[in-house]
Every structure is written in C-alpha cells, then in structure tokens.
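Listed here are the chains, written in short residue letters.
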Amino acid sequence: MPIPSTLRRALLASATLLALLGATQTQAQSNYPNRPVRIIVGFAAGTGPDIVARLLAQKLSEGWGGQGVIVDNKPGAAGLIAASEAARATPDGYTLMLGETGQLSIAPSSYNKLPYDPAKDFAPVSQVVSADFALLVNPQKVPAKNVKEFVSWVQGQKGLFMATFGAGTPGHFGAFMFGEAVKLKPEAVHYKSTADALGGLFNGDVHGVFASVGLAAPNVKAGKLLALGTTGPSRAAALPDVPTLKEQGYPSLEFSSWFGIVAPAQTPPAVLAKLSADVRKAVTAPEARAKLEESGFRVTGTDATTFGKIIAADTVTWGKAVAATGFKAD
C-alpha cells in the first residue's frame with residue numbers, strides 16, 4: 001500500500017530536522033569550547049586542589065587559543081557542596097569539576113546518604129595529579145629517625161595519638177591503616193585546620209600526622225619537622241632522601257590522594273575525548289609538570305578509562321579503611 005503524500009512529507013520533514021539537529025550538535029562538539037569553561041573546586045583558594053585547578057585552567061586556556069577557563073571555588077562540607085552542584089550541571093562540557101579522593105572514593109563509604117552518586121553522576125576525564133603523604137613527627141618531642149624506631153618508642157607511651165586535618169580525610173583513615181600495619185591502635189585527634197594540626201605536633205600534643213608531601217616538604221627542609229617515610233609507590237621528588245614506608249617493610253602502606261577532572265554524566269563522548277586529550281597535554285607539558293612537582297605533586301595525566309578504574313579501585317580500598325574505623329560523617 002503506497003504511503004500517502006502528506007505522510008511522506010511529514011516523514012521527510014522529521015528526517016531533515018533530525019539531520020539538522022545532528023549536524024548542529026556535531027558542529028558544536030567539534031567547535032568545543034566556544035565559550036568559557038568553568039572548573040568547580042570544592043576547596044578554598046590557596047589549597048592544593050585550588051593550586052592544581054588554576055595551573056590547569058591557565059594551560060587549557062592557552063591551548064584553546066585564549067578561551068576563558070574559570071576556577072569557581074565552592075568550599076564546604078568536605079567538597080560535597082561542589083560535587084552536588086557539578087553533578088546537576090548541564091552535561092555539555094562547560095561545567096567541570098576538579099574532583100578529589102574524598103569526594104569520589106571515600107564519601108560513598110563515610111556517608112549514609114550522599115546528595116550525588118560518584119559512579120553514576122560523573123564521567124571521568126583525567127586524573128591530573130596524585131599527592132603522596134609523609135608521616136611527620138616533631139624531632140624535639142619524638143626520638144625516632146625511622147618508622148621502626150617510632151613504633152618502638154610509641155609502645156612505651158600511653159597510646160598513639162595521630163593528628164588529622166579533619167574527620168573523614170585520607171590522613172584520618174591513613175592513620176588507622178598505619179596503626180593496623182604496626183599493630184597499634186591509634187587515637188585520631190581531629191583539628192579544624194592544617195595550622196591547628198601542625199600546632200598540635202609542635203606542642204607535643206600528638207605524636208604524628210600524615211600530611212601531603214607538598215605541605216610537609218617546607219617544614220622538613222627547614223628542620224622543623226622530620227619525615228619518617230612517605231606513602232607513594234616511589235620516593236617523592238620533593239623529599240628524595242626520605243624512604244617510602246614500603247621500603248621500610250610496610251607494603252600495605254602505599255596510599256595517596258589525587259585530583260582529577262570529571263564532567264557531569266551524559267556529557268557527549270566527543271567532548272569528553274577532546275577534554276581528556278587536552279587536559280593530559282596541559283599537565284604533562286614541561287613547564288606545568290615542573291611547577292606541579294615543585295608543589296609536591298606527582299603528575300599522572302591519565303586517560304579517562306584509567307581514571308575511572310582508579311576511582312573504582314580506591315572506592316574499595318578506602319571503603320575498607322572507613323569500615324575498620326566505623327566512621328560515619330552523617
């Protein structure tokens with residue numbers, strides 16, 4: 001039975017419209033970005049994530065011919081405010097987030113109810129850097145030069161008191177992982193700020209703290225604090241003379257924090273592919289790499305698939321650490 005002419009015209013018009021829409025969408029993606037891109041950061045200006053985001057924004061802008069890249073700081077609730085906003089953003093590639101371990105891999109275990117689902121609401125783009133930790137002690141208060149001496153000394157004290165930069169942070173769970181590895185039960189002492197935590201260490205109120213290498217290095221080089229070991233897979237560039245904990249016989253104490261770019265789920269694949277390539281190019285450029293390493297970061301610049309696997313694997317790893325402490329943030 002022949003198709004009526006009116007129906008044929010309607011079908012032709014629909015097909016034409018779909019083709020035009022498809023072509024428009026393809027053209028928009030191929031021209032990406034053609035307006036300012038926003039990178040949401042869940043932490044205040046001057047913090048590690050902010051430093052990384054601003055350098056990345058500068059290098060992306062240069063690579064995009066001067067197209068604006070805006071860093072939008074949304075601190076609060078350990079990054080959850082920023083992640084919630086990023087998860088709800090239009091998935092067009094113009095709103096991104098510099099996510100970190102806590103928001104994407106720790107939060108699912110430490111919160112009973114999250115306002116977003118890291119696995120479903122975000123598309124990984126690239127892990128940008130990782131940040132190893134250093135186990136710091138005050139050499140004026142703790143007579144130890146390495147981890148074994150520290151453990152031996154602590155066994156003669158009334159417990160192991162470890163400072164943290166906040167409940168639910170990698171340093172918090174890292175302290176419990178350390179305790180498990182050395183057969184000691186740590187008492188976590190939560191401070192509201194980095195300055196407060198280091199003050200507790202200087203005063204002798206706590207025995208040690210796991211701090212990022214970037215934060216640790218200036219204090220160690222100035223002789224104010226002593227780094228007993230670092231948590232990376234290899235020695236940190238900023239503290240090359242400090243052996244890793246793995247080198248000292250603690251293979252389970254290899255952990256780090258990381259920062260990486262994620263986009264809202266359903267962002268077009270073509271946009272994600274371009275973003276991933278451009279982010280990797282930006283952070284692995286010699287000048288950017290040097291600046292990031294000087295700040296204590298380990299440049300990774302992974303592809304999207306690798307970053308997705310890292311997020312998933314760390315969700316399991318940190319989930320075990322959270323479960324061991326029984327900690328819940330809500």
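Scroll up for the structure.
Computed from a prediction, not measured in an experiment: that's the story for all the values here.

Definitions and cut-offs
Residues numbered from 1 in each chain as written. Predicted model: local features only at pLDDT ≥ 70, side-chain atom pairs only at ≥ 80, totals over all residues. Heavy atoms only, no water. Buried < 20%, exposed > 50% of the residue type's maximum accessible area, 1.4 Å probe, protein only. Helix = DSSP H or I, 4+ residues; strand = E, 2+ residues; numbered from the N terminus. Pairing = 2+ DSSP bridges. Phe/Tyr/Trp six-rings, centres within 6.5 Å; stacked < 30°, edge-to-face > 60°. Axes fitted to C-alpha atoms, helices over the stretch in contact; angles between N-to-C directions. Parallel < 35°, antiparallel > 145°, perpendicular 65-115°, else oblique. Contact = heavy atoms within 4.5 Å. Nonpolar A, V, L, I, M, F, W, Y, C, P; charged D, E, K, R; others polar. Salt bridge = Lys/Arg side-chain N within 4 Å of Asp/Glu carboxyl O. Lys, Arg positive; Asp, Glu negative; His and termini not counted. Polar contact = N/O pair within 3.5 Å; in protein donor to acceptor, adjacent residues only side chain to side chain.

(A) Representation of the pairing of strand β4 (residues 122-137) within the structure. Most of β4 is tucked away: 15 of the 16 residues are buried. Strand direction decides the pairing type here: β4 and strand β9 (residues 256-264), joined by nine bridges, are antiparallel. What sits directly across from serine 130, in β9, is tryptophan 258. Across two bridges, β4 lies against strand β10 (residues 298-299) in antiparallel orientation. Residue pairing in the sheet places serine 130 in a bridge with arginine 298 of β10. Across four bridges, β4 lies against strand β7 (residues 208-212) in antiparallel orientation. Counted as the bridge partner of leucine 136 is valine 209 from β7. Summarising the sheet, β4 and strand β8 (residues 226-230) pair through four bridges and their orientation is antiparallel. Opposite valine 137, over in β8, you have leucine 226 as the bridge partner.

(B) Region of interest: the packing of aromatic side chains. For the coordinates displayed, the defined rule picks out 11 aromatic pairs. When the ring of tyrosine 32 is compared with that of tryptophan 64, the centres are 5.9 Å apart and the planes differ by 70 degrees; the resulting orientation is edge-to-face. In this pair, tyrosine 32 sits in the loop between α1 (5-30) and β1 (37-41) while tryptophan 64 sits in the loop between α2 (48-63) and β2 (69-73), placing the two residues 32 residues apart along the sequence. When its relative accessible area of 3% is taken as the criterion, tyrosine 32 is described as buried. On the numbers, 5.9 Å between centres and 80 degrees between planes, the contact of phenylalanine 255 with tryptophan 318 is edge-to-face. Of this pair, phenylalanine 255 sits in the loop between β8 and β9 while tryptophan 318 is found in helix α12 (residues 304-325), placing the two residues 63 residues apart along the sequence. Just as phenylalanine 255 is buried, tryptophan 318 falls in that class too.

(C) Summary view of the packing of helix α7 (residues 170-182) against α12. Orientation of α7 relative to α12, taken along the N-to-C sense of each, is 75 degrees, at an axis distance of 9 Å. In terms of axis orientation, α7 runs roughly perpendicular to α12. Within the contact between the two elements, α7 uses Pro170, Phe173, Gly174, Phe176 and Met177 and α12 uses Trp318, Ala321, Val322 and Thr325. In terms of residue class, the contact of α7 with α12 is built from seven nonpolar, two polar and no charged.

(D) Structural view of the pattern of salt bridges. Throughout the structure, instances matching the rule amount to 13 salt bridges. We note a salt bridge from arginine 54 to aspartate 50, for which the minimum N-O separation is 2.8 Å. Highlighted residues: arginine 54 and aspartate 50, both in helix α2, separated by four residues, approximately one helical turn. Note on aspartate 50: relative accessible area 3%, which makes it buried. For lysine 59, the salt bridge goes to glutamate 287, with nearest N and O atoms at 2.9 Å.

(E) Fine view of the side chain of glutamate 100. By the secondary structure assignment, glutamate 100 is in strand β3 (residues 95-100). There is no salt bridge for the buried glutamate 100, and the closest opposite charge comes from lysine 328, which lies 16 Å off by N-O distance. A polar atom in the side chain of glutamate 100 sits 3.0 Å from the backbone nitrogen of glycine 102. One polar contact links the side chain of glutamate 100 to the main-chain amide nitrogen of glutamine 103, over a distance of 2.8 Å. Leaving out residues up to four positions away in the same chain, glutamate 100 has contacts with Phe43, Ala78, Ser257, Trp258 and Phe259.

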